[in-house]
Amino acid sequence: MNISLEGKKILVTGASGAVGRAVAEEALHSGAWVAGSYFQSEEEAQQLQSQGVFMVKSDLSDRAQARNLVSAVLAQAGHLDGLVYSAGNTRDRTAAKITDQEWDEVIAVHLNSLFAVTQAVLPVMREKGRGKLIAIGSLSGVIGRLGQPNYSAAKAGVIGYMKSVAKEAGRFGVTANVVCPGFVDSRMTRKIPQEAWERAKSESALGTISSVETASSFIVWLLSDLCTNVTGQVFQLDSRI
């Protein structure tokens, strides 16, 4: 089944990352006008730009830049039908050893700028009487992970924040959901030890690693008109039971 996003305008933060890029490309191929943010990945940004994605460089550890990102996109697009907040980082260390900076850097990107971007987008969606907000979550935010107190806290915060926004924005026709793609091959996961990959496989009922394509296809479906009356949900795209 081909999913159409024809005529829709979508912003994907962290579009140069594994999940973000897959979502941006699939949304583009489904007919949407797509804007994406990036920070350090110039080569990936140029590749997306060449495909037709409107790319904006933005440091999402800074809430002011997060709001400026939305302003730049709205100046180009006029409005937004969907937001996929996929920007992310990790600074893994145990709670006993983590530094203030390592804590703050992860909370800033995953949670503080999610707040800033959604706060800037919401009035536009409310005025149109429709819109879809999607944040990328993680199983770490549901069960907690050893060595990831900052990341786990941030992703748990994402879930609570989006559930609250869903209750606030629903009466204006705006939905808010969280998608947890599971353990996927990305720049972030390539930094972790091989034993973590093997553990992820062993915890899977299927003995597999989650697919970026599964996540992007599901997110594009959430963005489409095929998905209605779904809000405040946390979707775990994983085979760990």
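All values reported here derive from a predicted model rather than from experimental measurement.

Draft legend 1. Inspection of the nonpolar core at higher detail. Judged by nonpolar contacts, the single largest core of 33 residues is most densely connected at Leu11, Val73, Val117, Val121, Leu133 and Met162. Looking at this core, the elements that each hand over two or more residues are helix H3 (63-77), strand S4 (82-85), helix H4 (100-128), strand S5 (131-136), helix H6 (149-169) and strand S6 (174-180). No other element matches the 8 residues that H4 contributes to this core. In this structure, Met162 is in contact with Leu114, Leu133, Ile134, Ala135, Ala176, Asn177 and Val178, ignoring residues within four places of it in sequence.

Draft legend 2. How the structure looks around the packing of helix H1 (residues 18-29) against helix H2 (residues 42-51). The N-to-C vectors of H1 and H2 enclose an angle of 5 degrees; their axes lie 11 Å apart at closest approach. The angle between H1 and H2 falls in the class roughly parallel. Across the interface between the two elements, Arg21, Ala24, Glu25, Leu28 and His29 of H1 pack against Glu44, Gln47, Leu48 and Gln51 of H2.

Draft legend 3. Main features of a nonpolar patch on the surface. A cluster of nonpolar side chains, namely Val142, Ile143 and Val234, defines an oily patch on the protein surface of about 240 Å² accessible area. Its place among the elements puts Val234 in strand S7 (residues 234-236).

Draft legend 4. Layout of the packing of aromatic side chains. Scanning all chains against the criterion turns up 4 aromatic pairs. Aromatic pair Phe115 and Tyr161: ring centres 6.4 Å apart, planes at 90 degrees, arrangement edge-to-face. Of this pair, Phe115 sits in helix H4 while Tyr161 is found in helix H6, placing the two residues 46 residues apart along the sequence. Three or more aromatic residues link up through ring pairs in this structure, and these residues are Phe218, Trp221 and Phe235. Stacked on the ring of Phe172, the Lys or Arg Arg126 has its end atom at 4.0 Å from the ring centre.

Draft legend 5. Main features of the side chain of Gln148. Along the polypeptide, Gln148 turns up in the loop between helix H5 (140-143) and H6. On the basis of relative accessible area, Gln148 is assigned to the buried category, the value being 12%. The contact partners of Gln148, leaving out residues within four places of it in the chain, are Thr90, Asp92, Arg93 and Ser140.

Draft legend 6. Up close: the pattern of salt bridges. Throughout the structure, instances matching the rule amount to 6 salt bridges. The salt bridge involving Glu42 is made with Lys57; its shortest N-O contact spans 2.9 Å. Taken together, the positions of Glu42 in helix H2 and Lys57 in strand S3 (residues 54-57) put the pair 15 residues apart, joining distant regions of the chain. Taking the relative accessible area as the measure of exposure, Glu42 reaches 33% and is therefore partly exposed. Close ionic contact of Arg93 with Glu102 constitutes a salt bridge, the shortest N to O distance being 2.6 Å. The class for Glu102 is buried, based on a relative accessible area of 13%.

Draft legend 7. Inspection of the sheet that holds S7 at higher detail. Reading across the sheet, the 7 strands line up as S3-S2-S1-S4-S5-S6-S7 and stay open at both edges, with parallel pairing between neighbours. Looking along the sheet, the strands with just one partner apiece sit at the ends: S3 and S7. Averaged over all neighbouring strand pairs, the angle between strand axes comes to 15 degrees, with direction disregarded. Alignment of strand S1 (residues 9-13) against strand S2 (residues 33-38), held across 4 bridges, turns out to be parallel.

Calculation criteria
Residues numbered from 1 in each chain as written. Predicted model: local features only at pLDDT ≥ 70, side-chain atom pairs only at ≥ 80, totals over all residues. Heavy atoms only, no water. Core = buried A, V, L, I, M, F, W, Y, C linked by side-chain atoms within 4.5 Å. Buried < 20%, exposed > 50% of the residue type's maximum accessible area, 1.4 Å probe, protein only. Helix = DSSP H or I, 4+ residues; strand = E, 2+ residues; numbered from the N terminus. Contact = heavy atoms within 4.5 Å. Axes fitted to C-alpha atoms, helices over the stretch in contact; angles between N-to-C directions. Parallel < 35°, antiparallel > 145°, perpendicular 65-115°, else oblique. Patch = residues over 30% accessible without salt bridge, like charges linked within 9 Å, V, L, I, M, F, W, Y side chains within 5 Å. Areas by Shrake-Rupley, 256 points an atom, 1.4 Å probe, with all protein chains shown as cover. Salt bridge = Lys/Arg side-chain N within 4 Å of Asp/Glu carboxyl O. Phe/Tyr/Trp six-rings, centres within 6.5 Å; stacked < 30°, edge-to-face > 60°. Lys NZ or Arg CZ within 6 Å of the ring centre and 35° of its normal. Pairing = 2+ DSSP bridges.

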